[in-house]
Amino acid sequence: MSFEFFAPCPRGLETALAAELAETAQRRLPPGALEVGADVPGGVHFRGNWAGGMAANLHSRIASRVLLKIAQRPYRSEQDIYALAAEQRWEQWFTPNETLRVDITAIKSPLRSLEFATLRVKDAICDRMRSKAGARPSVDTAYPDVRVFAFLTASDCTLYLDTSGEPLFKRGWRLDKGAAPLRENLAAGILRLTGWTPGTPLYDPMCGSGTFLAEAAQVALDIAPGLSRSFGFERLKQVDTAAWRYLKSEANTARNTAQNRTSGLHIYGSDISDVMLERARANFARAGFGNVPLKQIDARNMTPPEDAPGILVANPPYGERIEVRGRNARGEARPSRDRDDAEEGFRRAQTDADAPDAEFFQALGDALKQRFTGWRAFVLTSDRKLPGQLRLRESAKTPLYNGALECRLFRFDLIAGSVRQRPAQDNANPGQNA
Ligand SMILES: C[S@@+](CC[C@H](N)C(=O)[O-])C[C@H]1O[C@@H](n2cnc3c(N)ncnc32)[C@H](O)[C@@H]1O
C-alpha cells in the first residue's frame, strides 16, 4: 500500500532534506518504498509504503517530523473542515483508548479563529470515533498518543496523521542542554551544507553542549538518529511490525559494523565554559561515543586540532540571550571555573563596561586568518554584520531559521595567501550583508 507523506524541516534545509531522503531510499529500502517528491518551503513531500515512512523516521537527521497525509480538500468554513475530518476512517488507525492532540498551521487562511478550527477538527475526530468505535478519545496536549495536524492554505485543508510522536530532533539521549543549544536537526542540516564527510577534521571552537559534534559523530559511526527513541507510529494500528523489526536490526548492524571500522573520528570541540564541556561529555557518553576530544579554551586562542586542514563550524554567542565570555581578558583566556558564574555568564551582562563583542569577533577573525589556513569555516549567526566584525569576506551565505530566528550560515574559505579580508569600516555598513 502506498501513502503520501510530508516531512517538515527547519526552513532553509529543504533541499538538504530531499537529498537525505533520497539517500535513505537508495541505501536501505527496496525500490518504490520511498520516492522523494517536491521540496516546498518548510519541508519535503514523498510517497511510499510503511517501510518508507518508518525508515524516514529512523534515518532522517534533518526532518522535524514525518506526517502521513490522510485527506485534502478545498474549504471555506470551519464546517467544511469538520466535515472533511469527520469523513476520515480514524478508527482504522487508533482506538478511543489513545489520547489525542490536534494542531493547525495556516498560511493565508480566511478563517477568523484557528483555535476554533482546531476544536472543530478535534470534535470531528471524536464524534467519528464515538459513532464507529463506541467511545471518544481523550485530549492530552502534553503527552498525546496520537497527533493530528491540519494544514490550511487560502483554499485547501490537508489533514495529516503524525507518525513521529516526539519531534525527530529529540534523539533520545540528550538530557543536558546548554543555555542555547541548537536543535539537532538544524545542526545536522548545517553539517550537510558544509560538505563535511567522515574522516575530514571537524572542529567546533564554541561547542556548548556539543550538538554539531554529536551529529557528526553519529554520521561517522553510522548511528541512525532514531535508534534510541520510540515513534508515534508504534502506537498506530496498521503498522508493519515485521518491516520495523527489519529496519531496526539493519540499523543496529550498520552501527556495529561502523564502530569496528572506525579508528578515529577526527571530531574536536572546545568551549570557554567547563560546565558546558561537562554537559557535552555526559551527552556523548549517553549517546555511545566517548572519544571526542574536548578542551576548555577561549576561542580567540584556538589552534587547529590536526595538521590536515578541515572544517570549522560554530554558532557563536549572540544578542541578548548569550554573551561572549572571557572579555575581561582582552584576548587572553580566562576560563571560568565557578559554576554559578558559568550558568549566569550565558546571560547578557547588564553592565557592558568591558571590551565589546566587536573586539572578540575581531580577535576570532585574526585567529582564523593566522592559524587556520586551508580550512573552511562555517558560522551560524543572526548577526548579518558578522563578516565585517571578523574582517573576513564570506564566500557564501545561506539563510536558515533557528526556530523563528532568521540566521545566516556564513562560509569563509581560508585559502593560503588569499584570505578575503574586508576593511574594518565594513562594520559601519549593516546593509552590506543582507
Ligand atoms: C550559542 S552557544 C553554542 C551552542 C552549541 N552549538 C550547542 O548546541 O550547545 C555559544 C557557546 O559559546 C561559548 N563561548 C562564549 N564565549 C566564548 C569564548 N570566548 N570562547 C569560547 N567559547 C565561548 C559559550 O560557553 C556557549 O557554549
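For the structure itself, look to the data block above.
Notes on the structure in this doc start here. (Residues numbered from 1 in each chain as written. Predicted model: local features only at pLDDT ≥ 70, side-chain atom pairs only at ≥ 80, totals over all residues. Heavy atoms only, no water.)

### Points about the overall build of the chain
Reasoning step 1: The secondary structure content of the chain amounts to 11 helices and 14 strands.
Reasoning step 2: Counting every position in the chain, which comprises 434 residues, the buried fraction comes to 53%.
Reasoning step 3: Taking the contacts inside the chain whose residues are at least 6 apart along the sequence as the reference set, 79% of them involve residues at least 24 apart.
Reasoning step 4: Counting every atom, the chain has about 19,100 Å² of accessible surface; 47% of that belongs to carbon and sulfur. (Helix = DSSP H or I, 4+ residues; strand = E, 2+ residues; numbered from the N terminus. Buried < 20%, exposed > 50% of the residue type's maximum accessible area, 1.4 Å probe, protein only. Contact = heavy atoms within 4.5 Å. Areas by Shrake-Rupley, 256 points an atom, 1.4 Å probe, with all protein chains shown as cover.)

### Considering the packing of helix 3 (residues 78-87) against helix 4 (residues 114-133)
Reasoning step 1: Contact pair helix 3 / helix 4: the axes reach a minimum separation of 8 Å and the direction vectors enclose 30 degrees. Judged by the inter-axis angle, helix 3 sits roughly parallel to helix 4. Every pair of crossing elements has a handedness; the one defined by helix 3 and helix 4 is right-handed. Contacts from Glu78, Gln79, Ile81, Tyr82, Ala85, Ala86 and Glu87 in helix 3 reach Phe116, Ala117, Arg120, Val121, Asp123, Ala124, Asp127 and Arg128 in helix 4. (Axes fitted to C-alpha atoms, helices over the stretch in contact; angles between N-to-C directions. Parallel < 35°, antiparallel > 145°, perpendicular 65-115°, else oblique. Left-handed = near helix turned anticlockwise from the far one by under 90°.)

### A closer look at the sheet that holds strand 13 (residues 396-402)
Reasoning step 1: On the basis of which strands lie adjacent, the open sheet formed by 7 strands has the order 10-9-8-11-12-14-13 and mixed pairing. Looking along the sheet, the strands with just one partner apiece sit at the ends: strand 10 (294-296) and strand 13. Each strand of the sheet is rotated relative to its neighbour by a mean of 20 degrees, with strand direction disregarded.
Reasoning step 2: With 7 bridges joining them, strand 13 and strand 14 (residues 405-413) adopt antiparallel strand pairing. Directly across from Tyr401, in strand 14, lies its bridge partner Glu406.
Reasoning step 3: Most of the contacts of helix 5 (residues 184-194) go to strand 13, to which it runs at about 170 degrees, and overall it touches strand 8 (202-204), strand 11 (311-314), strand 12 (376-381), strand 13 and strand 14. (Pairing = 2+ DSSP bridges.)

### Some thoughts on the nonpolar core
Reasoning step 1: Val121 and Leu161 are the most contacted members of the largest nonpolar core, which totals 96 residues.
Reasoning step 2: Looking at which domains feed residues into this core, each of domain 1 (3-162) and domain 2 (184-223 + 267-348 + 355-433) gives three or more.
Reasoning step 3: Residues in contact with Val121, not counting those within four places in the same chain, are Ile81, Ala85, Val102, Ile104, Val148, Ala150 and Leu159.
Reasoning step 4: Core analysis: the second largest hydrophobic core is formed by 23 residues, Ala299, Phe361, Phe412 and Leu414 among them. (Core = buried A, V, L, I, M, F, W, Y, C linked by side-chain atoms within 4.5 Å. Domains from an automatic or database assignment.)

### Some thoughts on helix 5
Reasoning step 1: Along helix 5, 9 of the 11 residues are buried, which leaves the element largely enclosed by surrounding structure.
Reasoning step 2: Buried residues along helix 5 sit against strand 8, helix 6 (211-220), strand 11, strand 12, strand 13 and strand 14.
Reasoning step 3: Within two residues after helix 5, Gly195 carries a phi angle of roughly 80 degrees, on the positive side.

### As for unusual backbone geometry
Note: most peptide bonds trans; most residues except glycine with negative phi.
Reasoning step 1: One non-glycine residue with positive phi stands out, namely Asp222, at about 50 degrees.
Reasoning step 2: Take Asp222: it is sitting in the loop between helix 6 and helix 7 (241-261).
Reasoning step 3: By relative accessible area, Asp222 is classed as partly exposed at 23%.

### So, the side chain of Gln218
Reasoning step 1: Along the chain, the position of Gln218 falls in helix 6.
Reasoning step 2: You can call Gln218 buried: its relative accessible area is 2%.
Reasoning step 3: Excluding residues within four positions of it along the chain, Gln218 makes contact with Arg61, Trp173, Ile223, Pro225 and Phe289.

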